[in-house]
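If you want the building blocks of each chain, they are given just below.
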There are 2 protein chains.
Amino acid sequence: MFSDATIIEALRRKGFKATSQRIAICRYALNSREHPTVQRIYTEVKKAHPTVSLATVYKTLKVLMGLHLVQELVFTETETRYDSNMEPHLNVVCLRCGKVSDAGDQIGKIVAKAASTARFTVTGQRLDLYGICESCGKKKPTVV
Amino acid sequence: MFSDATIIEALRRKGFKATSQRIAICRYALNSREHPTVQRIYTEVKKAHPTVSLATVYKTLKVLMGLHLVQELVFTETETRYDSNMEPHLNVVCLRCGKVSDAGDQIGKIVAKAASTARFTVTGQRLDLYGICESCGKKKPTVV
DNA sequence: CTAAGTGCAAACACTTTGCACTTAA
DNA sequence: TTAAGTGCAAAGTGTTTGCACTTAG
């Protein structure tokens, strides 16, 4: 959980101004556990800042990526999502309802081992499982 | 290694026509170990089929995805790449030179365990590690 | 006060689509 | 023979950029 104070402090320390739009965007992107899309963040932030633009949301997310506070999950079929869980973990992505949840956080050791074998310095990771979640599997026993 | 005969057979079994362009695209996409981009495949196929279009490459890659023979690796910063290794494995992605290599194929068990815990039916996965590869790390000990 | 950030609209890059022509089966 | 596929160019889509205005520090 990131408080506004923490957000402001983190931005300022890196030389970024803590504007009210930025704080609102960060607050939502960093505290949401649902891997929100840009549109979702935009819609949410618009409630308190009706004039905010999509461009500002995009720019702020780039700032957060630079600060290594969020990670992008780009998909072809669906919109890009943003994940503020920076620990090694598996994203479980349902191809039917689009929901993204977290799982398997004991994966850190395997990642570390593979990286050292490959003599590779890891700065980030994206570990996705695609398939059908339990509730979708029940609902419609059809294709994929 | 996919022979032309195997490719033709796989296409026909699913009701797709085995055109010469398609065979060439499949041959390259399925046998290349370098996780090629669309442009790369296009350039390569153009050598034997100078009139081939980008649209055909895109369409054929969608067919291959439908057949679960390749997987898309979408990135923001760089072009989408295609991976014909469908077994659970880690993609080691260098952020400096863009090279993508494979590692850690003992990851299958962890994936299976996490999926069963989440009661999730896995149909595909994307397990990427981002960072700096050994040779890039030596070359330029700077940012990132 | 002034460098950084905002918000609009225009520009981009990659991908998809519509359609007449071609071709595998 | 004919449904499926090709290749072009045009249309989309999500994202980025240029620039005058605004604002945090």
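Computed from a prediction, not measured in an experiment: that's the story for all the values here.

Asks: Help me understand the sheet that holds strand β3 (residues 90-94) of chain B, please; the structure alone is not making it clear to me.
Replies: Whenever strands of a sheet pair, they do so through backbone hydrogen bonds, lying parallel or antiparallel. Pairing within the open sheet is mixed, and its six strands lie in the order β4(A)-β3(A)-β5(A)-β5(B)-β3(B)-β4(B). Both outer strands of the open sheet, β4 (100-103) of chain A together with β4 (100-103) of chain B, are each paired with one neighbouring strand and no more. For this sheet, the mean angle separating the axes of adjacent strands, direction not counted, is 30 degrees. Across four bridges, strand β3 (residues 90-94) of chain A lies against β4(A) in antiparallel orientation. Paired with A:Val92 across the two strands is A:Ser101, which belongs to β4(A).

Asks: Just checking my understanding: could you explain empty space enclosed by the protein for this structure?
Replies: If a probe the size of a water molecule is rolled over the atoms, the empty space left behind becomes visible. All names here are of chain B. On inspection of all chains with the given rule, the structure shows one cavity of 30 Å³ or more. The calculated volume of the largest cavity comes to roughly 50 Å³. What lines the largest cavity is simply Ala29, Ser32, Arg33, His35, Pro36, Tyr82, Asp83, Ser84, Asn85 and Asp102. Residues belonging to the lining of the largest cavity are distributed by class as follows: three nonpolar, four polar and three charged.

Asks: I keep staring at the domain arrangement of chain A and nothing clicks. Help me out?
Replies: Accessible area lost during the coming together of the parts is what is often quoted as the interface size. Residue and element names in this part refer to chain A. Looking at chain A, the domain boundaries give domain 1 (4-73) and domain 2 (87-134). Computed over C-alpha atoms, the centres of domain 1 and domain 2 are 24 Å apart. Each partner contributes residues to the interface: domain 1 has four residues there, and domain 2 has eight residues. Between domain 1 and domain 2, a total of about 510 Å² is buried, with carbon and sulfur atoms accounting for 46% of that surface. For domain 1, the biggest contributors to the area lost against domain 2 are His35, Gln71 and Leu73; these three give 83% of the whole. Between domain 1 and domain 2 we count zero salt bridges in total. Scanning the region where domain 1 abuts domain 2 turns up three residue pairs in polar contact (both at pLDDT 80 or more). Across the side of domain 1 that touches domain 2, the residue classes tally to one nonpolar, two polar and one charged.

Asks: Where do I start with the confidence of the model for chain A in this structure?
Replies: Do not read the predicted coordinates in detail wherever pLDDT is low. Overall, the prediction assigns chain A a mean pLDDT of 88, with 94% of residues at 70 or greater. Averaged over each element, pLDDT in chain A is lowest for helix α6 (residues 134-139) of chain A (82) and highest for helix α2 (residues 20-31) of chain A (97).

Asks: Can you walk me through the relation of the copies chain B and chain A in this structure?
Replies: Note on the identical chains: chain B maps onto chain A by a rotation of 180 degrees and an axial translation of 0.0 Å, with an RMSD of 0.0 Å. What we have between these two chains is a two-fold relation. Identified as the residue of chain B closest to the rotation axis by C-alpha distance is B:Leu127, at 2.0 Å. The share of interface residues of chain B whose copies in chain A are also at the interface is 100%, consistent with both copies meeting through the same surface.

Asks: Mind showing me how you'd approach the protein's contact with DNA strand D here?
Replies: Every one of the 19 residues lining DNA strand D counts as a neighbour, but A:Arg12, A:Tyr58, B:Thr19, B:Gln21 and B:Arg22 are closest to it. Taking all atoms of DNA strand D within 4 Å of the protein, the share assigned to sugar and phosphate is 72%. In the model, a phosphate oxygen of DNA strand D is placed 2.6 Å from a nitrogen or oxygen of the B:Arg22 side chain. B:Lys59 places a polar side-chain atom, nitrogen or oxygen, 3.0 Å from a base oxygen of DNA strand D. Put simply, the parts of the chain that give the surface near DNA strand D at least two residues each are α4 (54-66) of chain A together with α2 (20-31) and α4 (54-66) of chain B. Considering every element that reaches the surface near DNA strand D, the biggest residue donor is α4(A), with four residues. In terms of residue class, the surface near DNA strand D is built from six nonpolar, six polar and seven charged.

Reading guide: rules and limits
- Residues numbered from 1 in each chain as written.
- Chains lettered and ligands numbered in written order.
- Predicted model: local features only at pLDDT ≥ 70, side-chain atom pairs only at ≥ 80, totals over all residues.
- Heavy atoms only, no water.
- Pairing = 2+ DSSP bridges.
- Helix = DSSP H or I, 4+ residues; strand = E, 2+ residues; numbered from the N terminus.
- Axes fitted to C-alpha atoms, helices over the stretch in contact; angles between N-to-C directions.
- 1 Å grid on protein atoms, 1.4 Å probe; cavity = no way out; pocket = protein on both sides within 12 Å on 5 of 7 lines; lining within 4 Å.
- Points joined across faces, edges and corners; volume = space filled by probe spheres on them.
- Nonpolar A, V, L, I, M, F, W, Y, C, P; charged D, E, K, R; others polar.
- Domains from an automatic or database assignment.
- Contact = heavy atoms within 4.5 Å.
- Buried area = accessible area lost by both parts, 1.4 Å probe.
- Salt bridge = Lys/Arg side-chain N within 4 Å of Asp/Glu carboxyl O.
- Polar contact = N/O pair within 3.5 Å; in protein donor to acceptor, adjacent residues only side chain to side chain.
- pLDDT = per-residue confidence, 0-100.
- Least-squares fit on C-alpha atoms with pLDDT ≥ 70 in both.
- Near = heavy atom within 4 Å.

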